[in-house]
Amino acid sequence: MKRGKHQEALPEKLQRKVAPEARQLRKQAGDWLKQRRADAGLSQIDLAARLGLKYYTFISQVENGFSRVPTEIMAAWAVELGLEPAAFAKHLLLYYEPELHRLLFGAKK
Amino acid sequence: MSVVAFERKPGAGLWSETELNIMVAALNDAIASGNGRGWETGMTEKGDAQFYLLGPLPDQACELCVSRVGGRYILEDGSGRLLFEHQSLALVALHAKAAVRSIRGWTLARAVLLWCTIRHMIHDKVEPLLTESEELLVELAPQLAAFA
């Protein structure tokens, strides 16, 4: 994956410190989602079709770690992957809002 | 020996230099506005090119995504809403530029909502504890005073 040449201009040290956590967690969520989709035997196109999306590009956007699964289609996404929606949402919250997850469910382990 | 440099055929695989220039030029105001904003490129499972406009730090979440699927350019926001699609990248880039402005307001509203939710939760958990301690203190204070 190629990085933008025009990445704007915080000091590099600070960027390395602050940026990675949210992005890395989102990327981990994407990898987890990709694996669950593979387990369900679906392609990105299959999943998009089942979710009623016109294009499958948003599935890729999420799985590449650039976006989150929107709350309004989280339950449907879970069902199509053969997962229980509440457990699916709880697991994603661990990546998307780790602090909120900690407040709601306690420590990670 | 001379090698003729063919430009990558548009419509398949990675973005061409020309395509990237069009998108970056259109979104330059957003990219140059600071706080860690930037852009990245990626691929779908089927090898269709994607361009992501990233929001500010610390999240750097995707605000807009342009994908090229079968010679068409698809513009979506970070929640997967289809904003525009056309065969002309220049036209799609123009719509992307316009969309950035409206997305900024929406992102701010979401951040405020999330912050309020967290504060409300903390308040709900901490407030009863404080009230309980206060009541306990009111009950114990006279007894402690009597001892002293």
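Residues numbered from 1 in each chain as written. Chains lettered and ligands numbered in written order. Predicted model: local features only at pLDDT ≥ 70, side-chain atom pairs only at ≥ 80, totals over all residues.

Draft legend 1. Expanded view of the overall build of chain A. Regarding its fold elements, chain A presents six helices and zero strands. Along its sequence from the N terminus, chain A presents helices and strands in the succession α-α-α-α-α-α. The buried share of chain A, taken over its 109 residues, is 25%. (Helix = DSSP H or I, 4+ residues; strand = E, 2+ residues; numbered from the N terminus. Buried ≥ 20, exposed ≤ 12 C-beta atoms within 10 Å, placed from the backbone.)

Draft legend 2. View of the interface of chain B and chain A. Across the contact, 33 residues belong to chain B and 30 residues belong to chain A. Of all the elements in the fold, those that place two or more residues in the side of chain B that touches chain A are β1 (38-43), β2 (49-54), β3 (62-69), β4 (72-77) and α3 (89-147) of chain B. Residue contributions to the side of chain B that touches chain A peak at five residues, all from β1(B). When its residues are assigned to classes, the side of chain B that touches chain A shows 15 nonpolar, 13 polar and five charged. (Contact = placed C-beta atoms within 7 Å. Nonpolar A, V, L, I, M, F, W, Y, C, P; charged D, E, K, R; others polar.)

Draft legend 3. Inspection of unusual backbone geometry at higher detail. Residues and elements named next belong to chain B. Going from L57 to P58, the amide bond is cis rather than trans, its omega being 5°. Following the sequence through the fold, P58 ends up in the loop between β2 and β3. Within the chain, Q60 stands out as a residue other than glycine whose phi angle is a positive 50°. Topologically, Q60 is positioned in the loop between β2 and β3. The class of Q60 is buried, set by 24 C-beta atoms lying within 10 Å.

Draft legend 4. Molecular detail of the confidence of the model for chain B. Overall, the predicted model of chain B reaches an average pLDDT of 83, with 84% of residues at or above 70. Interface predicted TM-score (ipTM) for the complex: 0.78; the corresponding pTM is 0.72. (pLDDT = per-residue confidence, 0-100.)

Draft legend 5. Quick look at the pairing of β4(B). All names here are of chain B. In terms of residue burial, β4 counts as a mostly covered element, since five of its six residues are buried. Here β3 runs beside β4; their pairing, made up of six bridges, is antiparallel. Across the sheet, the residue bridging to L64 is D77, located in β4. Bridge count between β4 and strand β5 (residues 82-86): four bridges; the pairing is antiparallel. By the bridge assignment for β5, E76 is matched with L82. Where β4 folds back on β5, the antiparallel hairpin that results is connected by four residues, among which G80 adopts a positive phi of roughly 85°. (Pairing = 2+ DSSP bridges.)

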